[in-house]
Amino acid sequence: MEIERINEHTVKFYISYGDIEDRGFDREEIWYNRERSEELFWEVMDEVHEEEEFAVEGPLWIQVQALDKGLEIVVTKAQLSKDGQKLELPIPEDKKGQTDESLDALLDDFHKEEQDQEEHNEKDKKLQLQFVLKLDDFEDLIALSQLNMQDFTTSLYSFENRYYLYVDFLEELSDEQVENKLSILLEYAHESVVSIYRLQEYGQLIVKGNALETIQQHFS
């Protein structure tokens, strides 16, 4: 995948159909399967953030151009108007009013206009129970396992010579409880931009569901 940082608010990247298929996605399903297209988009955005420090915040304008051998995608973060009241998407005048049905099929959930903000917030609320943590050293994983923390399940992955811990908190926990427990976990690990989908596709699953308990049993 080729990434080009245009400016502070805009990034452009090109991904070939071969690369898309190497990631476990079918060329056709990214146009007609909304869930899979979202999964692909957020996976590549994780890489964009990691390489270019391009954080996804607030509404986005996403322009997709289908080329012979891949997709060229431009992502721009919306900015507040001068009065601070309205979000403005930097869409050129010659693009306004144009509709690409394929683009809608692929990314209609990513056009986060103000009327979609409530749905977006509900999605964030659900996702905040799940985190991917990166560990610098296996000793940190052993130390973390000795804390006997509960109220979540953990799965351990290996990817590109690093260990990753997928943490899934129980739904009945309050936001404050999740934040407190996560802060303890982050004393031993770092929150990762690598998605769980990428780990499942390209990483190696070492322990599923009870990773910390298993590590504790073997290294107590």
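Residues numbered from 1 in each chain as written. Predicted model: local features only at pLDDT ≥ 70, side-chain atom pairs only at ≥ 80, totals over all residues. Heavy atoms only, no water.

**Digging into a negative patch on the surface**
A grouping of Glu21, Asp22, Asp26 and Glu28 is seen on the molecular surface, where their side chains present a negatively charged patch. Among the structural elements, aspartate 26 can be located in the loop between helix H1 (17-22) and helix H2 (29-32). For aspartate 26, a relative accessible area of 42% translates into the label partly exposed. (Patch = residues over 30% accessible without salt bridge, like charges linked within 9 Å, V, L, I, M, F, W, Y side chains within 5 Å. Areas by Shrake-Rupley, 256 points an atom, 1.4 Å probe, with all protein chains shown as cover. Salt bridge = Lys/Arg side-chain N within 4 Å of Asp/Glu carboxyl O. Lys, Arg positive; Asp, Glu negative; His and termini not counted. Charge placed at Lys NZ, Arg CZ, Asp CG, Glu CD. Helix = DSSP H or I, 4+ residues; strand = E, 2+ residues; numbered from the N terminus. Buried < 20%, exposed > 50% of the residue type's maximum accessible area, 1.4 Å probe, protein only.)

**Points about the pattern of salt bridges**
Applying the stated criterion across every chain, the model contains eight salt bridges. Here arginine 23 ties to glutamate 43 by a salt bridge, and the two come within 3.1 Å at their closest N and O atoms. You can see arginine 23 sitting in the loop between H1 and H2 and its partner glutamate 43 sitting in helix H3 (residues 34-52), a full 20 residues away along the chain. For the pair shown, arginine 23 and glutamate 43 are each scored as buried. Two residues, glutamate 47 and arginine 23, come together in a salt bridge whose shortest N-O distance is 2.4 Å. Note that glutamate 47 is positioned in helix H3 and arginine 23 in the loop between H1 and H2, a separation of 24 residues in sequence. Of the two residues, glutamate 47 and arginine 23, both sit in the buried class. If you follow the salt bridges from partner to partner, you end up with Asp19, Arg23, Glu43, Glu47 and Arg198 in one network.

**Overview of the sheet that holds strand S10 (residues 190-191)**
Whenever strands of a sheet pair, they do so through backbone hydrogen bonds, lying parallel or antiparallel. Here five strands make up an open sheet; going across it, the order is S10-S7-S9-S8-S11 and the pairing antiparallel. With one partner strand each, in any of the chains shown, S10 and strand S11 (204-207) form the two edges of the open sheet. For strand S7 (residues 130-135) and strand S9 (residues 162-169), the ladder comprises six bridges, and the chain directions are antiparallel. Bridging across to S9, leucine 135 finds its partner in tyrosine 163. In the packing of helix H7 (residues 175-185) onto the sheet, contacts are made with S7, strand S8 (152-159) and S9, and the angle to S9 comes to roughly 165 degrees. (Pairing = 2+ DSSP bridges. Contact = heavy atoms within 4.5 Å. Axes fitted to C-alpha atoms, helices over the stretch in contact; angles between N-to-C directions.)

**Digging into the pairing of S8**
A large share of S8 lies buried, amounting to six of its eight residues. Pairing analysis gives eight bridges linking S8 to S9, with the strands arranged antiparallel. Along S9, the bridge assignment pairs phenylalanine 159 with arginine 162. Adjacent in sequence and paired antiparallel, S8 and S9 are bridged by two residues, among which glutamate 160 carries a positive phi angle near 50 degrees.

**Side note on helix H6 (residues 138-145)**
The α-helix winds at 3.6 residues per turn, so residues separated by three or four positions along the chain end up facing the same way. Turning to H6, its buried residues are Leu141, Ile142, Leu144 and Ser145. Buried residues of H6, seen end-on, are gathered within an arc of 160 degrees and therefore sit on one face of the element. The inward-facing, buried residues of H6 contact S7, S8, S9, H7 and helix H9 (211-219). (Arc of directions from axis to C-beta.)

Purely geometric stuff here, so don't read any function into it on its own.
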